[in-house]
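Inside the fold
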Amino acid sequence: MSIPQEHDYIGLSEPLQSEKLSYKMAAAAEGVTPSLNAEKVGVFNLKETELRLGLPGSEAPERKGGIGIGVSLFGKELKDESMCVKNFVSGAKRGFSDAINGAGKWGLSIHGGSAADLGGNGGPNLKEEIPAVKAVEERKNEASITAPASKAQVVGWPPIRSFRKNTLATNTPKKDDVAGKSGSGCLYVKVSMDGAPYLRKINLKTYCSYAEISSALENMFSCFTIGQCGQGLAAKEHLSESHLMDLLHGSEYVLTYEDKDGDWMLVGDVPWEMFTDSCRRLRIMKGSDAIGLAPRTMQKSKSQN
Amino acid sequence: MAYSFPEEVLEHVFSFLSSDRDRNAVSLVCKSWYDIERWCRRRIFVGNCYAVSPEIVIRRFPELRAVEMKGKPHFADFNLVPEGWGAYAYPWIAAMEEAYPFLEEIKLKRMVVTDESLELISKSYKSFKVLVLTSCEGFTTDGLASIAANCRHLRELDLRESEVEDLSGHWLSHFPDSCTSLVSLNMSCLGSEVSFCALERLVARSPNLRTLRLNRAVPLERLANLIRRAPQLVELGTGAYSAEIRSDTFSNLADAFSACKQLKALSGFWDVVPSYLPAMYSVCSGITSLNLSYAAIPSSDLVKLISQCQNLQRLWVLDYIEDSGLDALAASCKDLQELRVFPSDPFGAEPNVSLTEQGLVSVSEGCPKLESVLYFCRQMSNAALIAIAKNRPNFIRFRLCIIDPQAPDYLTLEPLDAGFGAIVEKCKELRRLSMTGLLTDRVFKYIGSHAKKLEMLSIAFAGDSDLGLHHVLSGCDSLRKLEIRDCPFGDKALLANAAKLETMRSLWMSSCSVSFGACKLLAQKMPRLNVEVIDERGPPDSRPEGCSVERAYVYRTVASRQRLDMPDFVWTHDEDSSLRYS
């Protein structure tokens, strides 16, 4: 792509609203070929892209102008290709500030809606023009990440591999001033379920109680249980630690975990913090398999079945 | 025109071509070259295991000896790909068992490998030599035992950062006494203790051993004996580097190190006791690669160590090094090519060490050969990035991670567009870029205009609109992999650049604004793109079509778009031209 860049970084240090930045092609094309405007609305026509398919890496001759694949939208419309290239070049010679103050429209619109959808004609906040659903999602996104000091943990952030995260958690730094800090805010453990074709990973630190984790697991694995998990849950007013087994009541499954020593225990017997400290992995076992684990508790849940 | 050049001569000429690109080019010259080339190709690299099927590979290349393959997309490393998504090695292993009896090498990255697969590998190939599993999962130490026991000519067993279910350390004892061919053993990701006697004997009977990476469970007291048995080692990964401070342990270790005249790379160093670091000083002048990224070493001790390593080319370190340590690095290590600084406390709200953008600026100033950087920090400024770009226009890889993903320039509170713009403008050979911080559509405009050699781009929490994505897709001529999370990019840019997607290996978009409708449309219009909608909320058509999907993974493929191993949370185009879920 050979559109010369007119701007320099000094010029750009003025605060600019990016939504006023026009896509140079659109600005250029507009100035040159009036007929393009009318077509702009429908310019995003997938038929165009369909015809553009070639072998990966190949370039159709008319693209020699070096604009790039994306410009096929405009490339198709213009009959005279040499004029096309020249005009794009001359269009690009417009000053950066011209482009900003200019039409500011980017003529791509999938549903034939207004070309101003993306343009933001000097609108202060481009996001307002996006359909409501998306705006809500974005704000929710922002909310969850503009509060790094709060407990909100964004999945996969910072981007550190599990191996490194787990090692950090058990690292014992020799520096005094970091001695007091606990490890990572993240503890991924695998959750498998007997009979399920694949397992899941959950972050133990995002839960604060056995109730939370059991309902999360219920949601995750409900597609695999033939049984009546949901009914058991609906019947309960509140869930206490000792009633964890009741959550899976009626579905013949019990929740167990493997602790640091490699032993398999029933979930729910120890205080929550102790559990998260020692839990290495979870397994939703068939009740019949769990008999050896804690006979007294098993009988209790069996009598309730 | 009769082609009188004998095939054997052509084959011989082709044998000098090792790069895949060259071989691919050669095979396009004419039909006969295509045929000759495919019969003599011995190595193959498949960047996306779903881009092609085992049958197609086997049909085209009947005589392979080495297969290298990648499975899950890169963001799987950060738990963005749900478990069970795919990338199973077994179908490939099973298909190759019949087709390639002389297979020698299998290298897999981010794939699910089972014990069954490992057993099959160990029993199917009489001359199997190299097994490298990078960031793989799904197997246990039992699978390793099969490999150890049955692969009589095993040269390399490398389990880089794989997640192995560690049942016991007994697997190592399965190497028969007759196995003397080991060149490389990397077990650093394993947890449990192996028999130290078995390990020592294995090392002692492997005269060609060049690379030995131990796991944390190998105590420092054992290290000296091991190294002594392998003075020819070129790469060593220690186990836990801590012990009671005792002069005999120290001198033992120092002596053992001094016998290793060929040592070039060091790693490991879990649980470091800094007083034992000087035991390594005798080898430091030859060291070119140092991985201290699991080592909690205070800055002053790091500086002492690093200033001994004048020939250092690659350094991976935790942010305990601080700006002052990086200053020292810049002063001592003029050959430095790659620097990675990892965070010691990534989830803490406040910085625990004094590492800022200044450290990176110093290194970029002082190290003229620096070309690859991965840097975690908590603040950045446009001025710093601009300075870095000016100092170091030879960057090939530049990955910056600011812990707060939308942090602005901390001095001016502006977006970091200008800073990253400088990077792409000045660093004309840039092939890989990861950005963080407050970034608007403007930075993507710069990237689209300047980053012509960029092959891989990672974006998170950036941009304002589809314009941003459009700039990248329409401007970056060399783009192969694009991964995006939590950006307001959506349908318009995607559909407008549909053709571009087929020139790339893959596009990942999660928590963006891509609708199910757009995914359907894209899949319909582009028959050679697989558009996977990965959504754990249930069938996408139970929600309005304009609703954004959780994740979209788009990749070119010549295999079926309805892969047989799709879990229930993945939807792709149904070839009956109505999108149904599998």
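Residues numbered from 1 in each chain as written. Chains lettered and ligands numbered in written order. Predicted model: local features only at pLDDT ≥ 70, side-chain atom pairs only at ≥ 80, totals over all residues. Heavy atoms only, no water.

**A closer look at the overall build of chain A**
- If you tally the helices and strands in chain A, you get 15 helices and five strands.
- For chain A, the residues scored as buried account for 44% of the 305 residues in total.
- Look at the contacts in chain A between residues 6 or more apart in sequence, and 54% of them connect residues 24 or more apart.
- Summing over all exposed atoms, chain A offers an accessible surface of approximately 15,600 Å²; the carbon and sulfur share of this is 54%. (Helix = DSSP H or I, 4+ residues; strand = E, 2+ residues; numbered from the N terminus. Buried < 20%, exposed > 50% of the residue type's maximum accessible area, 1.4 Å probe, protein only. Contact = heavy atoms within 4.5 Å. Areas by Shrake-Rupley, 256 points an atom, 1.4 Å probe, with all protein chains shown as cover.)

**A look at the overall build of chain B**
- Scanning chain B for helices and strands turns up 21 helices and 23 strands.
- Its C-alpha atoms give chain B a radius of gyration of 25 Å, within 12% of the compact-globule value 25 Å for 582 residues.
- Taken along its principal axes, the extent of the C-alpha atoms in chain B is 75 × 65 × 55 Å.
- Counting every position in chain B, which comprises 582 residues, the buried fraction comes to 64%.
- Look at the contacts in chain B between residues 6 or more apart in sequence, and 69% of them connect residues 24 or more apart. (Rg over C-alpha atoms; globule rule 2.2 N^0.38 Å.)

**Concerning the confidence of the model for chain A**
Residues and elements named next belong to chain A.
- Across chain A, the average pLDDT comes to 53, with 30% of residues at or above 70.
- Predicted confidence is poor over residues 226-245, with pLDDT under 50, and the contacts of this stretch with residues over four places away or in other chains come to 30 contacts.
- In this model residues 295-305 is a low-confidence stretch, pLDDT under 50, and it forms 13 contacts with partners more than four residues away in sequence or in other chains. (pLDDT = per-residue confidence, 0-100.)

**Here we look at the UniProt feature "domain: F-box" (unreviewed entry) in chain B**
- According to UniProt, the feature "domain: F-box" (unreviewed entry) maps to residues 5-46 of chain B in the numbering used here.
- With 62% helix and 10% strand, residues 5-46 of chain B has its two end C-alpha atoms placed 31 Å apart. (UniProt positions renumbered as here; feature names shortened; annotations may be inferred.)

**Comments concerning the sheet that holds strand E1 (residues 188-193) of chain A**
Residues and elements named next belong to chain A.
- The strand order across the open sheet built from five strands is E2-E1-E5-E3-E4, with neighbouring strands paired in mixed fashion. The strands lining the two open edges of the sheet, one partner per strand, are strand E2 (200-203) and strand E4 (264-266). Averaged over all pairs of adjacent strands, the angle between strand axes in this sheet comes to 30 degrees, irrespective of strand direction.
- Sheet analysis places strand E3 (residues 253-258) next to strand E5 (residues 281-286), joined by six bridges and oriented antiparallel. Bridge pairing links Tyr-257 to Leu-282 in E5.
- Strands in contact with helix H11 (residues 210-221) are E1, E2, E3 and E5; relative to E2, the strand with the most contacts, it is inclined by about 155 degrees. (Pairing = 2+ DSSP bridges. Axes fitted to C-alpha atoms, helices over the stretch in contact; angles between N-to-C directions.)

**Quick look at the packing of helix H1 (residues 7-14) of chain B against helix H3 (residues 31-40) of chain B**
Residues and elements named next belong to chain B.
- Contact geometry for H1 and H3: axes closest at 10 Å, N-to-C directions at 60 degrees. In this view, H1 runs oblique relative to H3, as classed from their interaxial angle. Judged by the twist between their axes, the crossing of H1 over H3 is right-handed. Only Trp-33, Ile-36, Glu-37 and Cys-40 of H3 make contact with H1, whose side of the interface consists of Glu-7, Leu-10, Glu-11 and Phe-14.
- A per-class count over the contact of H1 with H3 returns five nonpolar, no polar and three charged. (Parallel < 35°, antiparallel > 145°, perpendicular 65-115°, else oblique. Left-handed = near helix turned anticlockwise from the far one by under 90°. Nonpolar A, V, L, I, M, F, W, Y, C, P; charged D, E, K, R; others polar.)

**Regarding the pattern of salt bridges**
Residues and elements named next belong to chain B.
- Enumeration according to the criterion identifies 46 salt bridges over all chains in this entry.
- Lys-129 is the partner of Glu-104 in a salt bridge, and the nearest nitrogen-oxygen pair spans 3.6 Å. Of this pair, Glu-104 sits in the loop between helix H5 (90-99) and strand E3 (105-109) while Lys-129 is found in the loop between helix H6 (115-124) and strand E4 (130-134), placing the two residues 25 residues apart along the sequence.
- Arg-246 is the partner of Asp-248 in a salt bridge, and the nearest nitrogen-oxygen pair spans 2.8 Å. (Salt bridge = Lys/Arg side-chain N within 4 Å of Asp/Glu carboxyl O.)

**Topic: the nonpolar core**
- Membership of the largest hydrophobic core comes to 201 residues, with the highest contact counts inside it found for B:Trp171, B:Tyr241, B:Leu315, B:Phe398, B:Ile447 and B:Leu482.
- Setting aside chain neighbours within four positions, we find B:Leu482 in contact with B:Leu457, B:Ile459, B:Leu469, B:Val472, B:Leu473, B:Met504, B:Ser506, B:Leu507 and B:Trp508.
- Within the second largest apolar cluster, 24 residues are counted, among which are A:Leu217, A:Phe221, A:Cys279 and A:Ile284. (Core = buried A, V, L, I, M, F, W, Y, C linked by side-chain atoms within 4.5 Å.)

**Notes on the pairing of strand E20 (residues 506-510) of chain B**
Residue and element names in this part refer to chain B.
- The buried count for E20 comes to five of five residues, which makes it a mostly enclosed element.
- Burial of E20 is two-sided: the residues Ser-506, Trp-508 and Ser-510 facing one way and the residues Leu-507 and Met-509 facing the other way are all buried.
- Looking at chain direction, strand E19 (residues 481-485) and E20 are connected through five bridges and run parallel. The partner of Ile-484 across the bridge, within E20, is Met-509.

**Some thoughts on the packing of aromatic side chains**
- Overall, the coordinates contain 22 aromatic pairs over all chains when judged by the stated rule.
- Aromatic rings pair up to connect B:Tyr50, B:Trp85, B:Trp508, B:Tyr553 and B:Tyr555 into one cluster.
- A:Arg283 extends its terminal NZ or CZ atom over the ring of A:Trp264, reaching a point 5.9 Å from the ring centre.
- Stacked on the ring of B:Trp85, the Lys or Arg B:Arg563 has its end atom at 4.6 Å from the ring centre. (Phe/Tyr/Trp six-rings, centres within 6.5 Å; stacked < 30°, edge-to-face > 60°. Lys NZ or Arg CZ within 6 Å of the ring centre and 35° of its normal.)

**Here we look at the pairing of strand E16 (residues 397-402) of chain B**
Residues and elements named next belong to chain B.
- Counted residue by residue, E16 has five buried out of six residues, so it is predominantly covered.
- Summarising the sheet, strand E15 (residues 372-377) and E16 pair through six bridges and their orientation is parallel. Note on E16: the bridge partner recorded for Cys-377 is Ile-402.
- Traced from E15 through helix H15 (residues 382-391) to E16, the parallel crossover comes out right-handed.
- Sheet analysis places E16 next to strand E17 (residues 432-434), joined by three bridges and oriented parallel. Counterpart to Arg-397 in the pairing with E17 is Arg-432.
- A crossover connection joins E16 to the parallel E17 through helix H16 (residues 417-426); in handedness this β-α-β unit is right-handed. (Right-handed = clockwise from strand over helix to strand, strands pointing away.)

**Some points on the confidence of the model for chain B**
- Counting all residues, the mean pLDDT for chain B is 94, and 98% of those residues have values of 70 or more.
- Of the two predicted TM-score estimates for the complex, the pTM is 0.75 and the ipTM is 0.89.

**Topic: the environment of A:Ile202**
Residue and element names in this part refer to chain A.
- On the secondary structure map, Ile-202 appears in strand E2.
- Residue Ile-202 is classed as buried on the basis of its relative accessible area, which comes to 3%.
- C-alpha separation for the pair Ile-202 and Val-189, spaced 13 residues apart in sequence, amounts to 5.6 Å.
- Filtering out sequence-adjacent residues up to four positions away, Ile-202 remains in contact with Leu-187, Tyr-188, Val-189, Val-191, Tyr-207, Ile-213, Leu-217, Met-220 and Leu-282.

**Some remarks on the side chain of B:Asn497**
- Relative to the helices and strands, B:Asn497 resides in the loop between helix H19 (491-496) and helix H20 (498-501).
- Within the structure, the side chain of B:Asn497 is placed 3.0 Å from the side chain of B:His470, a separation counted as a polar contact. (Polar contact = N/O pair within 3.5 Å; in protein donor to acceptor, adjacent residues only side chain to side chain.)

**Some details on unusual backbone geometry**
- With an omega dihedral of -10 degrees, the bond running from A:Trp157 to A:Pro158 counts as a cis peptide bond.
- Note on placement: A:Pro158 falls in the loop between helix H9 (132-145) and helix H10 (162-170).
- Positioned with a positive phi, B:Ala87 is a non-glycine residue whose angle comes to about 65 degrees.
- Positioned with a positive phi, B:Glu322 is a non-glycine residue whose angle comes to about 60 degrees.
- Relative to the assigned elements, B:Glu322 resides in helix H13 (residues 322-332).

**A short note on the packing of helix H9 (residues 220-228) of chain B against helix H10 (residues 247-258) of chain B**
Residues and elements named next belong to chain B.
- Running from amino to carboxyl end, H9 crosses H10 at an angle of 30 degrees, the nearest separation of the two axes being 9 Å. Classified by the angle between their axes, H9 and H10 sit roughly parallel to one another. Considering the relative orientation of H9 and H10, their crossing is left-handed. Residues Leu-220, Glu-221, Leu-223, Ala-224, Ile-227 and Arg-228 of H9 touch H10, and the partners they reach there are Thr-249, Asn-252, Leu-253, Asp-255, Ala-256 and Phe-257.
- Taken together, the residues of the contact of H9 with H10 break down into seven nonpolar, two polar and three charged.

**Side note on helix H17 (residues 441-450) of chain B**
- For H17(B), the buried fraction is high: 10 of the 10 residues fall into the buried class.
- B:Asp441, B:Arg442, B:Val443, B:Phe444, B:Lys445, B:Tyr446, B:Ile447, B:Gly448, B:Ser449 and B:His450 are the residues of H17(B) that are buried.

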